[in-house]
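This is what each chain is made of:
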Amino acid sequence: MPKLLDDYVVPEYSGKDYDLSKPIDEKRINSYVAECIQTYESYSDLEEKDFMADFSGWTRSHFEAINRALRKRLYRKLESHGLHGKGRNYSECLLYIVNA
């Protein structure tokens, strides 16, 4: 059974920007991504600049650290708003969009 987005949110990380200067931490990264997806679900028109504001500076390693189901859900959310990436997997597609 798929997890709810709230299941990924860790209270101590909730509402905080993702600090790229810290080592990659799966709980922190999943919490951040889940909250971004929750925010995007309230947008009637998600734009590339919105995604860029949240994920600028992210590397392939960051995207690969996201829980697989969350990574897919994030990409599908972007795709539903006309944002498409190129690559062999969701990490590469997300990286493509952020570097466009």
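Presented here is an overview of the structure given in this document. (Residues numbered from 1 in each chain as written. Predicted model: local features only at pLDDT ≥ 70, side-chain atom pairs only at ≥ 80, totals over all residues. Heavy atoms only, no water.)

Okay, the environment of Tyr32 next. Topologically, Tyr32 is positioned in helix α1 (residues 26–40). The class of Tyr32 is buried, set by a relative accessible area of 9%. Separated by 13 residues in sequence, Tyr32 and Asp45 have C-alpha atoms that sit 21 Å apart. Those residues in contact with Tyr32 that lie beyond four places of it in its chain are Lys16, Asp17, Tyr18, Asp54, Phe55 and Trp58. A polar atom in the side chain of Tyr32 sits 2.7 Å from the backbone oxygen of Asp54. (Helix = DSSP H or I, 4+ residues; strand = E, 2+ residues; numbered from the N terminus. Buried < 20%, exposed > 50% of the residue type's maximum accessible area, 1.4 Å probe, protein only. Contact = heavy atoms within 4.5 Å. Polar contact = N/O pair within 3.5 Å; in protein donor to acceptor, adjacent residues only side chain to side chain.)

Relative to the elements of secondary structure, Glu92 occurs in helix α5 (residues 90–98). A relative accessible area of 14% means that Glu92 is categorised as buried. C-alpha of Glu92 to C-alpha of Arg60: the two residues are 32 residues apart in sequence and 6.8 Å apart in space. Setting aside its immediate chain neighbours within four residues, Glu92 contacts Arg60, Lys86 and Gly87. Reaching out from Glu92, the side chain makes a polar contact with the side chain of Arg88 at a distance of 2.7 Å.

Read these as layout, nothing more, since geometry by itself doesn't imply function.
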